[in-house]
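# Structural description and commentary
If you want the building blocks of each chain, they are given just below.
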Amino acid sequence: MMRLPPFTYLAPVSVADAVKLLSDHGREAMPVAGGTDLYPNMKRRQFEPSVLVGLRGIRELVGVRGTGGTGLAIGAGTTLTATSRHAEIARNYPALATAAGLVSTPQLRNMGTLGGNVCVDTRCNYYNQSYQWRKAVNFCMKKDGEICLVAPGSPRCWAVSSSDTAPVLWSLGATVRLVGPEGERAVPISALYRDDGIEYLAKLPEEIVTEISLPPADGLRSAYLKLRRRGSFDFPVLGVAATLAMDGDVVRQARIVLGAVASLPREAAEASALLAGERLTAELIEEVATRAARPSKPLDNTDLTHPYRKKMTRVFVARALRRLAGLPEQAAHGDSRA
Ligand SMILES: Cc1cc2nc3c(=O)[nH]c(=O)nc-3n(C[C@H](O)[C@H](O)[C@H](O)COP(=O)(O)OP(=O)(O)OC[C@H]3O[C@@H](n4cnc5c(N)ncnc54)[C@H](O)[C@@H]3O)c2cc1C
Ligand code: SF4
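A brief structural summary. (Residues numbered from 1 in each chain as written. Chains lettered and ligands numbered in written order. Predicted model: local features only at pLDDT ≥ 70, side-chain atom pairs only at ≥ 80, totals over all residues. Heavy atoms only, no water.)

## Considering the site of ligand 2
Contacts to ligand 2 come from Cys124, Tyr126, Tyr127, Cys140, Met141, Lys142, Cys148, Leu149, Val150, Cys157, Trp158 and Ala159. A per-class count over the shell around ligand 2 returns eleven nonpolar, no polar and one charged. (Near = heavy atom within 4 Å. Nonpolar A, V, L, I, M, F, W, Y, C, P; charged D, E, K, R; others polar.)

Following this line, the structure appears as structure tokens:
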């Protein structure tokens, strides 16, 4: 059995106190929300903070404000269960309700938070292993080692962004609010991610994600599809998020964002642009899906083969767009519950 290492748990009741504690303890400290990712990672010694700053007691981080008409602000400490079941989210931003409802298992969704999901660690077959396993292969550069075991000549880590909600929030045009020692800032969620398997978040370690804001839902249609081996609790090995802003039956703006194909959510911008000003025909959807698969470049470091995951990108994009167009979806492999 893997055990947690010893650590000190601090329980602030305000964001300001949490930021101060993180700043005071520097690199020794990490924030923890539901702990559903961080605690297993600590058991495997992928993270070794001596101080955890718990966010669970901070009431201002929990809850959903606003309406689909005005836009929503979702507290980072809102659980995935609450996110997936919130009536206003399910009605106006169905892709987010779907993605939150497909994360891991009911128990973990009851503990896991939206903020934790947005910040969840990147994954790799050579990294998400016990300490002994990693030691046996002489570690890798993401933790304790020197080289990348997937691409030994590479100067960087290619661990995979594996959040279900991040690609959806990106496709919806979400903004995140960050509070740190220097104050507060709001950034588009697309600016929160870096193309690096180790330093995958573009934020200071002591900055806390406090809120995720969604724009007004007027004319928005959204869908999320997830590929994984076991529908009961696996991480995504491909996620496809598609959001269309419609003027009647004409697409005003489209955003297709791919999850689990790179170290950050990957926007298929060129393919999305083909939809602007157009009606959703079966032919156009096929063309867009083919283009959208181009930026999908999965490596051989998660479940299922990478050529298959690349191939399924086209299939899932087509299926998501057909759903949004009200066309029948074609049968294909993978998790189609989304
Ligand atoms: C068996 C299993 C299956 C899983 N399957 C999935 C899956 O299918 N899809 C998926 O997306 N995830 C999955 N997860 C990972 C995890 O359960 C979720 O990502 C969950 O949403 C993490 O939220 P949390 O609140 O528990 O985060 P924590 O574990 O508390 O934290 C995760 C990371 O985010 C940081 N953090 C947390 N909150 C904040 C904040 N407000 N501001 C700044 N940093 C913060 C922490 O420091 C840590 O680095 C799985 C985990 C397990 C164990
Ligand atoms: S991509 Fe390479 S460096 Fe990154 S976790 Fe995997 S093996 Fe390690």
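## Some remarks on the sheet that holds strand S2 (residues 29-32)
Judged by pairing direction, the sheet is parallel, and its three strands sit side by side in the order S1-S3-S2 without closing on themselves. The open sheet has two free edges, formed respectively by strand S1 (8-10) and S2, since each of these has just one partner strand. Looking at each pair of strands side by side, their axes are set apart by 30° on average, direction ignored. Sheet topology note: the S1/strand S3 (residues 51-54) ladder contains three bridges and is parallel. In the strand pairing of S3, Tyr9 is matched with Leu52. (Pairing = 2+ DSSP bridges. Helix = DSSP H or I, 4+ residues; strand = E, 2+ residues; numbered from the N terminus. Axes fitted to C-alpha atoms, helices over the stretch in contact; angles between N-to-C directions.)

## Focus: the site of ligand 1
In the vicinity of ligand 1, 34 residues are found, and the nearest of them are Pro31, Thr36, Thr113, Asn117 and Asp164. In this structure, an oxygen atom belonging to ligand 1 sits 2.8 Å away from a main-chain N or O atom of Gly35. In this structure, Asp164 approaches ligand 1 through a side-chain N or O atom, which is 2.7 Å from a nitrogen atom. Burial of ligand 1 by the protein amounts to 92% of the accessible area it has alone, namely 970 Å². Of all the elements in the fold, those that place two or more residues in the shell around ligand 1 are S2, helix H7 (114-118) and strand S8 (208-214). Classifying every residue of the shell around ligand 1 by side-chain character gives 17 nonpolar, eleven polar and six charged. (Polar contact = N/O pair within 3.5 Å; in protein donor to acceptor, adjacent residues only side chain to side chain. Areas by Shrake-Rupley, 256 points an atom, 1.4 Å probe, with all protein chains shown as cover.)

## A look at the sheet that holds strand S11 (residues 250-259)
Across the sheet, four strands lie side by side as S9-S10-S11-S12; this open sheet has antiparallel pairing. A single partner strand is all that each edge strand has here, and the edge strands are strand S9 (220-227) and strand S12 (266-267). As paired elements, strand S10 (residues 238-247) and S11 share nine bridges and run antiparallel to each other. By the bridge assignment, Ala245 is partnered in S11 with Gln253. The strands touched by helix H12 (residues 306-325) are S9, S10 and S11; relative to S9, the strand with the most contacts, the crossing angle is about 150°. (Contact = heavy atoms within 4.5 Å.)

## With respect to the side chain of Ser263
Assignment of secondary structure puts Ser263 in the loop between S11 and S12. Within the structure, the side chain of Ser263 is placed 3.0 Å from the side chain of Arg156, a separation counted as a polar contact. Among the polar contacts listed, one links the side chain of Ser263 to the backbone oxygen of Ala159, at a separation of 2.7 Å. When near neighbours in sequence (up to four residues on either side) are disregarded, Ser263 contacts Thr122, Arg156, Cys157, Trp158, Ala159, Val160, Ser161, Arg194, Asp195, Asp196, Gly197 and Tyr200.

## Examining the pairing of strand S4 (residues 64-67)
For S4 and strand S5 (residues 71-75), the ladder comprises four bridges, and the chain directions are antiparallel. Looking at the pairing, Thr67 lines up with Gly71 of S5. Here S4 hands over to S5 after three residues, the two strands then running antiparallel side by side.

## Structural notes on the layout of surface pockets
Of the voids in this model, the second largest pocket is the one considered here, and its volume is about 270 Å³. Lining the second largest pocket are 16 residues, and of these Arg123, Asn125, Phe235, Thr302 and Asp303 sit closest to its centre. Looking at the lining of the second largest pocket, its residues break down into four nonpolar, six polar and six charged. (1 Å grid on protein atoms, 1.4 Å probe; cavity = no way out; pocket = protein on both sides within 12 Å on 5 of 7 lines; lining within 4 Å. Points joined across faces, edges and corners; volume = space filled by probe spheres on them.)

## Digging into empty space enclosed by the protein
Counted by the stated rule, this structure contains two cavities of 30 Å³ or more. The computed volume of the largest cavity comes to approximately 80 Å³. What lines the largest cavity is Cys124, Tyr126, Tyr127, Cys140, Met141, Lys142, Cys148, Leu149, Val150, Cys157, Trp158 and Ala159. For the lining of the largest cavity, the per-class residue count stands at eleven nonpolar, no polar and one charged. Its boundaries defined by the atoms lining it, the second largest cavity holds a volume of some 50 Å³. Residue classes in the lining of the second largest cavity are distributed as four nonpolar, five polar and no charged.

## Concerning the nonpolar core
The biggest cluster of nonpolar side chains holds 71 residues, and the ones touching the most others in it are Leu96 and Leu275. In terms of residues, this core owes the most to one element, H12, which gives eight residues. The residues touching Leu275, leaving out its near neighbours within four places in the chain, are Leu244, Val251, Ala254, Ile256, Leu280, Leu284, Val288 and Leu321. (Core = buried A, V, L, I, M, F, W, Y, C linked by side-chain atoms within 4.5 Å. Buried < 20%, exposed > 50% of the residue type's maximum accessible area, 1.4 Å probe, protein only.)

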